[in-house]
Amino acid sequence: MGCVACHLGNVMPWYYVLVALCVPAVFLIPTGILQAVTNQTVGLDVITEFIGGLMMPGDPIGTMTFKSFAYMAQSQSLLLISDLKLGHYMKIPPNAMFVTQIMSTLIGGMVNLFTAIYLIETVPEICTGNKQWSCPYTFNTYTNSVLWGVVGTK
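Here the residue numbering is sequential within each chain, running from 1 through the sequence in written order. Confidence filtering applies because this is a predicted model: local features only for residues at pLDDT of at least 70, side-chain atom pairs given and counted only at 80 or more, and all residues used for totals across whole chains, interfaces and linings. In computing side-chain properties, one takes all heavy atoms of the structure into account and sets aside hydrogens as well as water.

Along the protein chain, the regular secondary structure elements total 6 helices and 0 strands. Listing the helices and strands of the protein chain from first to last along the sequence gives α-α-α-α-α-α. Its C-alpha atoms put the protein chain at 50 × 40 × 30 Å along the principal axes. With 154 residues in all, the protein chain has 23% of them scored as buried. Any two residues having at least one pair of non-hydrogen atoms within 4.5 Å are treated as being in contact. Residue pairs at least 24 apart in sequence account for 59% of intrachain contacts in the protein chain once pairs closer than 6 positions are excluded. In this description a helix means any DSSP run of H or I spanning at least four residues, a strand means any run of E spanning at least two, and both kinds are numbered starting from the N terminus. Categorising residues by exposure relies on relative accessible area from a 1.4 Å probe, with only protein chains included: less than 20% of the type maximum marks a residue as buried, more than 50% marks it as exposed, and the intermediate range marks it as partly exposed.

Rendered as structure tokens:
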């Protein structure tokens, strides 16, 4: 679905989604071992911003989309593994844990999407002039997109 959305939305070429999913596949085992031993996570955000900036110079939206796919794939994979580990300790069957995780991911994704659509349509000046809904992380994302997507690789 990500390939189709990126291709039809002209965000980035569809095959970059596959590349974005290969990055966490390479780093999943080392970061998973590090998280299991030390309970500290190592994010791929800077690495994926750099790779996205190299592949799509001058395209900040494509760079941030690449980062989102790669970073969230790694983050969600580690959370799934952590939950499966907890289920193993509690002697819950792995099949039941896996099905529960997949269903809750789908339901949670839909709830997040519909909540975002509702807020964007009903809250006036969201993330711009509204003090209650200021969205501070959007400025960080914007700065990173300019840094890595426009300026960073030149």
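Right, let's get into the confidence of the model for the protein chain. The score called pLDDT rates the predictor's confidence residue by residue, from a low of 0 to a high of 100. Within the protein chain, residue pLDDT values average 83, and 90% of them lie at 70 or more. Here helix H1 (residues 2-8) stands out as the least confident element of the protein chain, with mean pLDDT 68; helix H5 (residues 94-122) is the most confident, with 90.

Pairing of aromatic side chains requires ring centres within 6.5 Å, counting the rings of Phe and Tyr and the six-membered ring of Trp. Pairs whose planes differ by under 30 degrees are stacked, by over 60 edge-to-face, and all others tilted. Scanning the entire structure with this criterion turns up 1 aromatic pair. Summarising the aromatic geometry, the rings of Tyr15 and Tyr16 are spaced 5.0 Å apart at their centres and angled 75 degrees between planes, so their arrangement reads as edge-to-face.

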